[in-house]
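Descriptive analysis of the structure
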Amino acid sequence: MQPFFSQRFEKVEPSFIREILKVTTRPDIISFAGGLPNPNLFPVKAIEQACQQVLSEQGAATLQYATTEGYAPLRQYIAERYQTRWGMQVNPDHILITSGSQQALDLLGKVLIDEGQDLIIEEPGYLGAIQAFSVYQPKFRPITLGEEGLDLAALDALLESGTTARLLYGVPNFQNPSGVSYSRANRAALAERLIRHNLLMVEDDPYGELRFEGESIDPVAKLAPENTVLLGSFSKTVVPGFRLGWMVVPAWLHKKVTIAKQATDLHSNAFSQQVLHRFLTTHSLDAHLEKIKEVYGRQRAAMEVALARHCPPSVRWTRPEGGMFLWLTLPESVCAMELFQVAIEEKVAFVPGAPFYVRPDIKNTLRLSFSCVDEATIEEGVQRLARALRKML
Ligand code: PMP
């Protein structure tokens, strides 16, 4: 059936993580693999009430087709939150509601990427972004992500090399997969480069509200608003099943992405936008976030304690101050893909790091998610992981 497929889609790979998740749902396996938010923290009752209120008050109108840009009161809520939380002036007219921030990546790819064009991406990078952008066939130009953020020397070298890149993708808060955040200085330096080289950054920020430790750092978008598309999502703060996210776009880009959205799905689910808005205006999002951060913070701490207790000293890991992920670097002799097979025999799962690189040569890293596993299970799971690792050494 090969002749039927478009050239564009021929090289797009299935998501490795989704494949892995099939193995890790076995009940006897402790899984640090899934990147899912903890369902015990979903506000089920409140959402049920919000559904009923919206339906009984608005009736049929709530089930009608709606505007491409998204439910205006929800856009207003998001704009006001940027103002109160970050001191950012965001015009609600420049917010576009998307079907999760994953869709924003696709829409931006549609509007901004030409085949063969350089696209700068942090490495390791978010697999979903690599997958979404791959459809538009860019040439990925990875820049290493270190403890402080992007490797600026490598970025400068690339920018001065005559690259065709116009876009840079990154996750400055509690990055997926590494848990690393860009420092304040790194963000400032990056913003300066964006402006100087007339680059556009896709600043993907689904985890920024989940800081359980340390000081919040302003988004790059606050420093370079004309050179940034800021993506947000309700998936990790409220529920992922509604598939609701947004993008804040500079005025010059707004019309084009709105047309792309219209062509793709007309608009995001209008009922869930109204239910979500009702939830947000009848409950305190901050109080809800406190509960999530308390649980994730405790679980991150438990994971660190367990890693320090059970892992050989040759293993290193990041120390995220928020989000859901922690990143392990193994001795160079250990291949995380091979470790995965041994770990499954020990009944523990993780995501090997290789798929997060666009270069195939880094094999000794892996991602652990602490969002969905309680402290006692984390201790047991890390013990199993360390046992698997010792078998490989
Ligand atoms: N960006 C990043 C960095 C993510 O980790 C995720 C979720 N795993 C997404 C985007 C997509 O989130 P959603 O589409 O649910 O908003």
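Rules behind the numbers
Residues numbered from 1 in each chain as written. Predicted model: local features only at pLDDT ≥ 70, side-chain atom pairs only at ≥ 80, totals over all residues. Helix = DSSP H or I, 4+ residues; strand = E, 2+ residues; numbered from the N terminus. Buried ≥ 20, exposed ≤ 12 C-beta atoms within 10 Å, placed from the backbone. Core = buried A, V, L, I, M, F, W, Y, C linked by C-beta atoms within 7 Å. Domains from an automatic or database assignment. Contact = placed C-beta atoms within 7 Å. Pairing = 2+ DSSP bridges. Nonpolar A, V, L, I, M, F, W, Y, C, P; charged D, E, K, R; others polar. UniProt positions renumbered as here; feature names shortened; annotations may be inferred. Axes fitted to C-alpha atoms, helices over the stretch in contact; angles between N-to-C directions. Left-handed = near helix turned anticlockwise from the far one by under 90°. Arc of directions from axis to C-beta. Expected span 1.5 Å × (residues − 1). Right-handed = clockwise from strand over helix to strand, strands pointing away. Near = placed C-beta within 6 Å.

1. Description of the overall build of the protein chain
Of the regular secondary structure elements, the protein chain holds 14 helices and 14 strands. C-alpha extents for the protein chain along the principal axes are approximately 60 × 55 × 50 Å. The buried share among the 393 residues of the protein chain stands at 45%.

2. Regarding the nonpolar core
Among the nonpolar cores identified, the biggest contains 103 residues, and Leu167, Val229, Met247, Leu276, Phe350 and Leu368 are the most heavily contacted of them. Summarising the domain contributions, this core has at least three residues from each of domain 1 (7-43 + 287-392) and domain 2 (45-282). If we ignore the near neighbours within four places in the chain, the residues touching Val229 are Leu108, Leu200, Val202, Glu203, Met247, Val248, Val249 and Leu253.

3. Some details on the sheet that holds strand β11 (residues 325-329)
Read across the sheet, four strands follow the order β10-β11-β14-β13 without closing on themselves; strand pairing throughout is antiparallel. Looking at which strands have only one partner, the edges of the open sheet turn out to be β10 (316-317) and β13 (351-352). As paired elements, β10 and β11 share two bridges and run antiparallel to each other. What sits directly across from Arg316, in β11, is Thr329.

4. As for unusual backbone geometry
Each neighbour pair has its own omega, and for Glu123 with Pro124 the value is 5°, a cis peptide bond. Within the secondary structure, Pro124 sits in the loop between β3 (118-123) and α6 (127-134). Residue Asn176 is joined to Pro177 through a cis peptide bond whose omega torsion reads 20°. Examined against the element boundaries, Pro177 turns out to sit in the loop between β6 (167-170) and α8 (184-196). Located in the positive-phi region is Arg243, a residue other than glycine, with phi close to 55°. Relative to the helices and strands, Arg243 resides in the loop between β8 (228-233) and β9 (245-248).

5. Examining the domain arrangement of the protein chain
Taken domain by domain, the protein chain comprises domain 1 (7-43 + 287-392) and domain 2 (45-282). For domain 1 and domain 2, the distance between their C-alpha centres works out to 25 Å. Of all the elements in the fold, those that place two or more residues in the side of domain 1 that touches domain 2 are α1 (7-10), α2 (16-24), α12 (285-310), β11 and β14 (365-369). Looking at which element gives the most residues to the side of domain 1 that touches domain 2, the answer is α12, with five residues. Classifying every residue of the side of domain 1 that touches domain 2 gives 19 nonpolar, eight polar and six charged.

6. Some details on the UniProt feature "domain: Aminotransferase class I/classII large" (unreviewed entry) in the protein chain
As annotated in UniProt, the feature "domain: Aminotransferase class I/classII large" (unreviewed entry) corresponds to residues 41-385 in the numbering used here. Here residues 41-385 is 44% helix and 16% strand, with 27 Å between the C-alpha atoms at its ends.

7. Overview of the packing of helix α5 (residues 100-112) against α6
Taken N-terminus to C-terminus, the directions of α5 and α6 make an angle of 35°; their axes are 8 Å apart at the nearest point. Seen along the crossing, α5 lies across α6 with a hand that is right-handed. Counting all contacts with α5, which are made through Gln102, Leu105, Asp106 and Gly109, the residues of α6 involved are Gly128, Ala129, Ala132 and Phe133. Tallied by class, the residues present in the contact of α5 with α6 amount to four nonpolar, three polar and one charged.

8. Some points on helix α13 (residues 336-345)
For α13, the complete set of buried residues consists of Ala336, Leu339, Phe340 and Ala343. Buried residues in α13, looked at end-on, bunch into an arc of 110°, giving them a common side. Exposed and facing more than 90 degrees away from the buried side of α13 are Gln341 and Glu345. Packed against the buried residues of α13 are β12 (348-349), β13, β14 and α14 (375-392). Lys347 sits one or two positions beyond α13 and adopts a positive phi of about 70°.

9. Comments concerning helix α10 (residues 251-265)
With 15 residues, α10 should cover 21 Å at 1.5 Å per step; its first-to-last C-alpha distance of 22 Å lies within 8% of that length. Downstream of α10 by a residue or two, Leu266 has a phi angle that is positive, lying close to 65°.

10. A look at the pairing of strand β4 (residues 139-146)
On a regular strand, each side chain points to the face opposite its neighbour's, so the side chains alternate between the two faces of the sheet. Pairing of β3 with β4 involves six bridges; the strand directions are parallel. Across the sheet, Leu119 pairs through a bridge with Phe140, a residue of β4. One crossover worth recording links β3 to the parallel β4 by way of α6, and it is right-handed. Pairing between β4 and strand β5 (residues 149-150): two bridges, direction antiparallel. Along β5, the bridge assignment pairs Leu145 with Leu150. The antiparallel pairing of β4 with β5 creates a hairpin that spans two residues between the two strands.

11. Some thoughts on the sheet that holds β5
Spatially, eight strands are ordered β2-β9-β8-β7-β6-β3-β4-β5 in an open sheet, and the strand pairing comes out mixed. Both edges of this open sheet fall to β2 (95-98) and β5, since each of them pairs with a single strand only.

12. Describing the site of the ligand
Gly100, Gln102, Asn176, Ser233 and Ser235 are the nearest of the 14 residues found near the ligand. Tallying contributions element by element places α5 first for the shell around the ligand, with three residues. Split into classes, the residues belonging to the shell around the ligand amount to four nonpolar, nine polar and one charged.

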